Amino acid sequence: MDKSFKNEFLAAYESHADAIYRYCFFRVYSKERAEEFAQETFLRAWEYSKGGKKIENMRALLYRIARNLIIDHSRKKKEESLETLSEETSFIEPSSDGRLVAEREMILKEVMEEMKNLGDEEREILTMRYVEDLDPKDIAEILGISANNVSVRINRAMKRLRESPRFRED
Amino acid sequence: MEEFFKKLNKVKSGLRLSDRKKDEIRGSILRAMAEGEMAPVASPAGFWRRFLRPVPALAAFLILAVSGTAFAAEKSLPGESLYWVKINVNEKVAGTLAVSAEAKSDWQVAKVERRLDEAAELVTKGKLTDETQAEVESGLENSANAVQIDVDELNSSGNVTAAANLASRLESAVASRVEVLSAVSRNVFAQRPAPKAALSLIQTKNISSGMVLRAQKVLQKTVESRIKLENKVAETVSSSVEVKSAAEAQIRAAVKTIKESRNYLKKNMKELGPNATAAVEAEIKAAEATTKDASAKAEAGLYGDSFNLSNGAIRAAEKTQVIVGARANLNVDVDESAEIPDVEKSATSGAAFSAPARTNVSSSDDNTKTDTGETQKIEIGD
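Calculation criteria
- Residues numbered from 1 in each chain as written.
- Chains lettered and ligands numbered in written order.
- Predicted model: local features only at pLDDT ≥ 70, side-chain atom pairs only at ≥ 80, totals over all residues.
- Helix = DSSP H or I, 4+ residues; strand = E, 2+ residues; numbered from the N terminus.
- Buried ≥ 20, exposed ≤ 12 C-beta atoms within 10 Å, placed from the backbone.
- Contact = placed C-beta atoms within 7 Å.
- Expected span 1.5 Å × (residues − 1).
- pLDDT = per-residue confidence, 0-100.
- Axes fitted to C-alpha atoms, helices over the stretch in contact; angles between N-to-C directions.
- Parallel < 35°, antiparallel > 145°, perpendicular 65-115°, else oblique.
- Left-handed = near helix turned anticlockwise from the far one by under 90°.
- Nonpolar A, V, L, I, M, F, W, Y, C, P; charged D, E, K, R; others polar.
- Core = buried A, V, L, I, M, F, W, Y, C linked by C-beta atoms within 7 Å.
- Domains from an automatic or database assignment.

K.L.:
When you look at the overall build of chain A in this model, what are you seeing that I'm missing?
P.N.:
Helix and strand counts for chain A come out as 9 helices and 0 strands. Taken over 170 residues, chain A has a buried fraction of 35%. Long-range contacts, defined here as pairs at least 24 residues apart, represent 58% of the contacts in chain A between residues at least 6 apart.

Here's what the structure looks like:
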């Protein structure tokens, strides 16, 4: 196996690992499971790419694999309630400022609570757009739909978010 | 809302893999690289993928056509080795050959039909598994979405009758096949009378019920879209020349489809038997009556109403062809009185869409149950 090919793959891992983890986290609302999905995503991507297939867009490939893994998983397991999953206590990685971590932990739980009423598809598209700052064009490539359709879905998800009781009170 | 995005920005940088976990994953990648210890992902289509990778679809099709593979692939089902050829060679070539926008939309409708026909055949043959279901559903949703995008584009460019016509074609493709799928799903036990592997049958039934549910969701969206567009046709542009011409064309199309349906029924009367033949004949007559109503509306200058009635007649006539085909090819009777939800009523009233009843036999294995809220898998690769 070409050494530079391996290095390229490892570089892709360093670049995209956190993003893929965040994507999985907002799909499954569990740190532990998001880690498992992220790991499996990269291992599958390696299996896929080592066959010599030219990868035009590694990021899109990684999202697709992660997405399919989560869908497969949700088919095989009865969906666990997001209510239960959000009982996990710690999501934010520690930094030198313990107070900041605690504050972020609290804010994240609020965000999770606010997104809980969205459907899978809506949570997914908002995560891609506003957590990972992906353009509709990039999202379109990942989801295999048109950029126009992505924009429609984002608008629909935003509308749904605005309609939630929490935001209506604002 | 602004507050929400501020919160999101605050937390996202802290939401990352721990250094320890990152090292752990990197280690497992390095091990996989070094040892090649992971088994390759099993794929029956692997051979074809490797063989055809460098060859453009059309050239591949010509190569495979000469060997007869492309034709054999046409009959393949998800999970079979030639299915990859069917999807990635045959269908890509057919898609490329559809040049006009209308032909491209028609081809997407045809792909919706192909996926639903495959689903019914998989259930009938006891080959519907989580994997094959996922493959069919993914293709179904992609093609149905593609058609819906075309419908939206036609509508937004002011071509409302063409949009309504396309939405009606999609609905027609889906509606009757959902009934067939539902019928074969109900008949899983009846068709396989020696349930040595009872659990396998229960699983098939559960998976197929999930498949029916997904197809019904696609249908519901389609019906909603068609109704909105038909209302628009009837209310806003009834007097225009464009609608007059569309209404006249649609009457001709309805007459042609009814004729085709009658011929198809004649050809398959033996397989159907007298009762089913009489039932289908009654449906065709009803479609004929609707076409007459459409003509009367057109004569009265109500072109929008006429157009919508003709579309309804076409859908009804096309449905009879699918039902006759199901009987002739799958040996399935589509029982009209069975548990098919009234999609149109549900679409117009906004009522919650109900799932078909599942088998009462409980299975300890939840793996086969399909979550109604799940999204579809997408194809990996370029």
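K.L.:
Before we go on, may I ask you to explain helix α9 (residues 160-186) of chain B in this structure?
P.N.:
Helical periodicity: at 3.6 residues per turn, an α-helix aligns residues three or four positions apart in one direction. The first and last C-alpha atoms of α9 of chain B sit 38 Å apart over 27 residues, in line with the 39 Å expected at 1.5 Å per residue. With 27 of 27 residues buried, α9 of chain B is to be regarded as a mostly interior element.

K.L.:
Help me understand the confidence of the model for chain B in this model?
P.N.:
Keep in mind that low pLDDT regions are not for reading the predicted coordinates in detail. Residue and element names in this part refer to chain B. Per-residue pLDDT for chain B averages 74, and the proportion of residues at 70 or more is 71%. Predicted confidence in chain B is weakest over helix α3 (residues 46-52), with a mean pLDDT of 45, and strongest over helix α13 (residues 269-299), with 89. Confidence over residues 192-197 falls short of pLDDT 50; this stretch has 4 contacts with residues more than four positions distant or in other chains. The model gives residues 345-375 a pLDDT under 50, and that stretch makes 60 contacts with residues more than four places away or in other chains. Under the prediction, the complex receives an ipTM of 0.85, its pTM being 0.51.

K.L.:
Hey, could you run me through the packing of helix α7 (residues 101-124) of chain B against helix α8 (residues 130-156) of chain B in this one?
P.N.:
Any two packed helices are characterised by how steeply their axes cross, that is the angle between the axes, and by the distance between the axes. Residue and element names in this part refer to chain B. Closest axis-to-axis distance for the α7/α8 pair is 9 Å, and the angle between their directions is 155 degrees. Here α8 runs roughly antiparallel to α7, going by the angle between their axes. Every pair of crossing elements has a handedness; the one defined by α7 and α8 is left-handed. Residues S105, Q108, V109, K111, V112, R115, L116, E118, A119 and L122 of α7 form the contact with α8, whose own contacting residues are T132, V136, G139, L140, S143, A144, A146, V147 and D150. Each residue belonging to the contact of α7 with α8 can be placed in one class, and the counts come to 10 nonpolar, 5 polar and 4 charged.

K.L.:
It is not clear to me how unusual backbone geometry should be interpreted in this structure. Could you clarify?
P.N.:
Trans is the common state for peptide bonds, and a negative phi is the common state for residues other than glycine. Residue and element names in this part refer to chain A. Positive phi values are uncommon outside glycine, yet Y29 reaches one of about 55 degrees. Along the chain, the position of Y29 falls in the loop between α1 (3-28) and α2 (31-49). Here Y29 falls in the buried class, since 23 other C-beta atoms lie within 10 Å of it.

K.L.:
Any chance you could explain the nonpolar core here in plain terms?
P.N.:
A general feature of soluble globular proteins is that nonpolar side chains tend to end up buried together. Membership of the largest hydrophobic core comes to 65 residues, with the highest contact counts inside it found for V112, A163, L170, V174, L181 and A215 of chain B. Within the residue set of this core, elements represented by two or more residues are α7, α8, α9, α11 (198-236), α12 (241-267), α13 and α14 (303-330) of chain B. With 15 residues, α9 of chain B is the single largest residue contributor to this core. If you count residues domain by domain, this core takes at least three from each of domain 2 (98-236) and domain 3 (240-334) of chain B. When neighbours within four sequence positions are excluded, V112 of chain B is seen to be in contact with L140, S143, A144, V147, L170, A173 and V174 of chain B. Judged by nonpolar contacts, the second largest core, of 44 residues, contains A34, A38, F42 and I139 of chain A.

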